[in-house]
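In case you want the letters, here they are:
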Amino acid sequence: MFIYLNFCFCALLSQTKTGIALLYDEVSENAYDIRLKLTKEVLTIQKQDVVCVSGSDHSANHRTVTLRRQPVGGLGLSIKGGAEHKVPVVISKMFKDQAADQTGMLFIGDAIMQVSKGLLFSTDICFILAFTFVHLLRNAGDEVTITVQYLREAPSFLKLPLGSPGPSSDHSSGASSPLFDSGLHLNGNSINTAPSSPSSPIANEPKYEKRWLDTLSVPLSMARISRYKAGTDKLRSNAFEVLALDGVSTGILQFYTAQESADWLRAISTNISDLTLQNMKMANKCCSPSDQVIHMGWVHERLEGTDSSQLYKFKFLALKGSSFYIFSTPPVSTLDWVRAEKIYNLCEVLFKIHKLWLADDCWLQANLYLGIHQDFDLEDHRPYCFSVMVGHGKSHYFNVELCSELAVWEKSFQRAIFLEVQRTGSKTYMCSWQGDTLCFTVDFALGFTCFDSKTKNVLWRFKFSQLKGSSDDGKTRVKLLFQNLDTKQIETKELEFQDLTAVLHCIHSFIAAKVASVDPVFIDSQSIARKYMYSN
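Quantities reported herein were computed from a predicted structural model and do not represent experimental measurements.

This part covers the sheet that holds strand β24 (residues 436-443). Read from one edge to the other, the open sheet built from seven strands follows the order β26-β25-β24-β23-β29-β28-β27, with strand pairing classed as antiparallel. Where the open sheet ends on each side, the last strands, each with one partner, are β26 (458-462) and β27 (467-472). Neighbour-to-neighbour, the strand axes of this sheet turn through a mean angle of 30°, independent of strand direction. Pairing geometry for β27 and strand β28 (residues 477-483), over five bridges, is antiparallel. Residue pairing across strands places G469 opposite L481, the latter belonging to β28. Packed on one face of the sheet, helix α6 (residues 500-518) meets β23 (426-433), β24, β25 (447-452), β27, β28 and β29 (490-497) and runs near 140° to β23.

Following this line, the structure appears as structure tokens:
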């Protein structure tokens with residue numbers, strides 16, 4: 001009975017997390033403050049907006065407010081933006097108990113759209129210069145009526161403090177914050193004006209609050225993450241994108257530090273992996289014990305023979321039963337499994353790790369400690385790369401986002417291949433030598449057997465332990481070197497196969513499975529990705 005080291009997926013703990021991030025607009029090259037809310041199944045993007053919480057049901061999109069200039073403090077606010085920044089003029093600061101604050105209807109982040117019925121701004125045209133706007137307000141008299149609209153996508157370079165929702169939280173002292181520059185002050189008096197009574201909210205006026213509102217929810221089941229600019233190997237700095245199964249994208253999520261970006265990447269990846277495990281369990285309920293899904297998930301595949309603008313493309317890989325599947329989209333029903341782009345027998349593939357991380361000066365250490373060989377013909381800027389070599393000398397080159405993902409793929413391929421060897425027991429291939437048609441069998445219990453395809457007469461048989469070496473011409477011919485147990489002499493057996501690569505991979509799979517059956521520690525000792533994770 002084939003004994004295999006128990007392999008079980010770690011119970012992943014779904015993470016719930018909230019935090020402030022930036023949403024980067026690649027067209028305008030501006031970034032906007034957002035809040036992320038992560039649950040077990042959904043990543044939600046929230047943006048701040050002003051909502052009406054009581055009073056008449058007026059739209060909070062446009063609010064008209066009358067300010068009465070005070071003898072001390074003037075209008076009691078500061079502004080930023082303007083035509084020089086290609087954004088509207090926005091309120092960047094309000095001063096406690098002064099005119100703007102007392103209205104209860106103005107908020108940091110409000111864009112001033114109209115002043116005293118005389119000046120109208122449109123988001124379709126260049127905005128007024130900030131200094132021109134300040135001059136206008138300072139000479140507008142004691143009473144100024146403004147129409148505002150909350151700017152939900154205020155560029156981050158304005159450095160507007162987010163604070164807590166609500167006007168009372170937007171107060172700040174008269175001193176300018178070193179982090180959030182308060183902009184141009186409008187807390188001085190106009191020329192030749194008499195003191196006015198302070199602005200105050202009217203009893204019947206609607207009340208407003210600034211709140212975080214859900215703007216986009218991205219389901220995480222079968223979702224994928226990319227830190228790279230689409231199709232290239234250019235890594236985004238402290239940023240990544242999450243794409244749902246239906247193609248809905250969060251946009252480019254940008255973070256202030258590398259640690260924040262890494263924490264969010266791990267948290268979201270953990271929840272996606274947890275949901276993938278649930279999907280696998282559901283799928284396996286409908287599958288026979290010999291056709292179970294071992295692992296599946298998104299990867300990037302490097303495209304060969306294409307222009308440099310499209311080096312990589314998302315692919316969905318699955319290890320199920322006896323086969324390795326490559327999909328363009330995940331299989332969501334039983335019928336989808338026959339629609340894979342490629343299907344390979346697991347006994348005839350070879351998994352190989354190529355790269356673990358970015359730093360070039362680490363490769364010498366990797367070569368010495370981990371035994372990795374870097375293929376310079378596949379050299380690019382992405383870490384965590386592996387290939388799956390298939391028949392006829394072909395291979396697929398993949399990349400994942402995290403080292404933990406690479407370790408799971410390595411372990412999963414080992415498990416899937418060993419289980420397939422156990423189920424199959426033996427594989428037979430047609431071959432020839434010196435004009436004779438022969439059959440070559442790799443058997444888990446018996447080792448190697450060669451017999452005549454017509455008479456079925458056994459020509460020779462050797463155990464796995466008797467194989468001492470091999471060489472091939474890279475095309476069709478292979479020489480197998482066996483040690484005769486009686487004479488201790490090396491016997492050379494030369495054979496020719498139509499698909500030599502598949503046969504060599506099969507021999508490798510059976511020998512590795514045989515060793516693992518008598519030495520379970522062998523599996524972990526061969527795990528390059530796990531060595532790297534432990535060493536760090």
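What follows is about the packing of aromatic side chains. Inspection of the entire model under this criterion finds 22 aromatic pairs. For the ring pair F351 and F413, a centre distance of 5.0 Å and an interplane angle of 35° mean the geometry is tilted. Of this pair, F351 sits in strand β20 (residues 350-355) while F413 sits in helix α5 (residues 403-424), and the two are 62 residues apart along the sequence. When its relative accessible area of 1% is taken as the criterion, F413 is described as buried. Aromatic pair F440 and W460: ring centres 6.2 Å apart, planes at 50°, arrangement tilted. Taken as a pair, F440 in strand β24 and W460 in strand β26 lie far apart in primary sequence, 20 residues in all. Judged on exposure class, the residue F440 and its partner W460 are both buried. Residue placement shows R63 over the ring face of Y208; its charged tip is 5.6 Å from the ring centre. Of note, K514 hangs over the ring of F444, and the distance from its end group to the ring centre comes to 4.7 Å.

This part takes up the sheet that holds strand β18 (residues 323-327). The seven strands are arranged β19-β18-β17-β16-β22-β21-β20 in an open sheet whose pairing can be described as antiparallel. Across the chains shown, the open sheet's two edge strands, defined by having one partner strand only, are β19 (342-345) and β20. The sheet shows a mean angle of 35° between the axes of neighbouring strands, direction not considered. Examined bridge by bridge, strand β16 (residues 293-302) and strand β22 (residues 395-399) share two bridges and lie antiparallel to one another. Among the inter-strand pairings, H300 is bridged to a residue of β22, identified as N399. α5 rests against β16, β17 (312-320), β18, β19, β20 and β21 (385-389) of the sheet, and its axis sits at about 130° to β16.

Another aspect to go through is the environment of V408. Note that V408 resides in helix α5. Counting along the chain gives 113 residues from V408 to H295, while the straight-line C-alpha distance between them is 8.5 Å.

A few words on the state of the cysteines. Think of a disulfide as a covalent bridge from one cysteine sulfur atom to another cysteine sulfur atom. In total, this model carries zero disulfides according to the counting rule given. Of all cysteine sulfurs in the structure, the one in C450 sits closest to C431, which takes part in no disulfide; the separation is 4.9 Å. Taking the relative accessible area as the measure of exposure, C450 reaches 0% and is therefore buried.

Per the stated rule, a full pass over the model turns up 16 salt bridges. A salt bridge links R211 to E209; the nearest nitrogen and oxygen atoms lie 3.0 Å apart. A relative accessible area of 31% places E209 in the partly exposed class. Between R339 and D336 there is a salt bridge, with the nearest N and O atoms lying 3.0 Å from each other. Taking relative accessible area as the criterion, R339 reaches 57% and is therefore assigned exposed.

Attention now goes to helix α2 (residues 130-138). Regarding α2, the residues found buried are A130, F133, V134 and L137. Looking straight down α2, one finds that the buried residues subtend no more than 100° of arc, so they occupy a single side. Of the exposed residues in α2, those oriented more than 90 degrees away from the buried face are F131 and H135.

Moving on, we come to the packing of α5 against α6. At a minimum axis distance of 9 Å, the contact between α5 and α6 shows a crossing angle of 90°. The pairing of α5 with α6 is recorded here as roughly perpendicular in orientation. Residues I417, F418 and V421 of α5 pack against S509, F510, A512, A513 and A516 of α6. Residues of the contact of α5 with α6, tallied by class, amount to seven nonpolar, one polar and no charged.

With respect to the helices and strands, S387 occurs in strand β21. Residue classification places S387 among the buried residues on the basis of a relative accessible area of 3%. Among the polar contacts made by the side chain of S387, one reaches the side chain of H354 at a distance of 2.6 Å. If we ignore the near neighbours within four places in the chain, the residues touching S387 are L350, F351, K352, H354, H396 and Y397.

Low pLDDT marks regions whose predicted coordinates should not be analysed in detail. Averaged over all residues, the pLDDT of the chain equals 81, while 78% of them reach at least 70. The element-level mean pLDDT for the chain is lowest in strand β10 (residues 171-172), coming to 38, with β18 highest at 98. The model gives residues 1-12 a pLDDT under 50, and that stretch makes 31 contacts with residues more than four places away or in other chains. The model gives residues 164-182 a pLDDT under 50, and that stretch makes 43 contacts with residues more than four places away or in other chains.

What follows is about the environment of K37. Mapping K37 onto the fold places it in strand β2 (residues 30-38). Judged by its relative accessible area of 29%, K37 falls in the partly exposed class. In this structure, the C-alpha to C-alpha distance between K37 and K17, residues 20 residues apart in sequence, is 5.9 Å. Once you skip the residues sitting within four places of it in the chain, K37 turns out to touch K17, T18, V42, L43, T44, Q46 and D214.

Our focus in this paragraph is the environment of D274. Inspection of the secondary structure assignment puts D274 in helix α3 (residues 258-284). For D274, a relative accessible area of 12% translates into the label buried. For the pair D274 and K40, spaced 234 residues apart in sequence, the C-alpha to C-alpha distance is 8.5 Å.

Definitions and limits used
- Just so you know, the residues in each chain are numbered from 1, in the order the chain's sequence is written.
- Under the rules for a predicted model, residues below a pLDDT of 70 receive no local features and side-chain atom pairs below 80 are neither given nor counted, while totals for whole chains, interfaces and linings still include all residues.
- Only hydrogens and water are removed before side-chain values are computed, so all heavy atoms of the structure are retained for them.
- Strand pairing follows a simple DSSP-based rule, namely that at least 2 bridges must link the two strands.
- Only DSSP runs of H or I reaching four residues or more are called helices, and only runs of E reaching two or more are called strands; each is numbered from the N terminus.
- Fitting a line to C-alpha atoms yields each axis, with helices limited to the stretch in contact; the angle taken between N-to-C directions then spans 0 to 180 degrees.
- Every residue pair with non-hydrogen atoms within 4.5 Å of one another is taken to be in contact.
- Only rings of Phe, Tyr and Trp enter the pairing, Trp through its six-membered ring, and a pair is recorded when the two centres are within 6.5 Å. The plane angle decides the type: under 30 degrees is stacked, over 60 is edge-to-face, the rest tilted.
- Exposed residues in this analysis have more than 50% of their type's maximum accessible area, buried residues have under 20%, and partly exposed residues fall in between, with area computed by a 1.4 Å probe over protein chains only.
- To sit over a ring, a charge needs its Lys NZ or Arg CZ within 6 Å of the ring centre and within 35 degrees of the ring normal.
- The definition used for a disulfide is geometric: two cysteine sulfur atoms within 2.5 Å.
- Salt bridges, as used here, are contacts in which a Lys or Arg side-chain nitrogen is within 4 Å of a carboxyl oxygen on Asp or Glu.
- The arc in question is formed by the directions pointing from the helix axis toward the C-beta atoms.
- For classification purposes, angles smaller than 35 degrees are called roughly parallel, those larger than 145 roughly antiparallel, those between 65 and 115 roughly perpendicular, and all remaining angles oblique.
- Here the term charged refers only to Asp, Glu, Lys and Arg, the term nonpolar to Ala, Val, Leu, Ile, Met, Phe, Trp, Tyr, Cys and Pro, and the term polar to all other amino acids, Gly among them.
- Nitrogen and oxygen atoms within 3.5 Å of one another constitute a polar contact, given that in protein one can donate a hydrogen and the other can accept it, and given that sequence-neighbouring residues count only through two side-chain atoms.
- The pLDDT value expresses, per residue, how confident the predictor is, ranging between 0 and 100.

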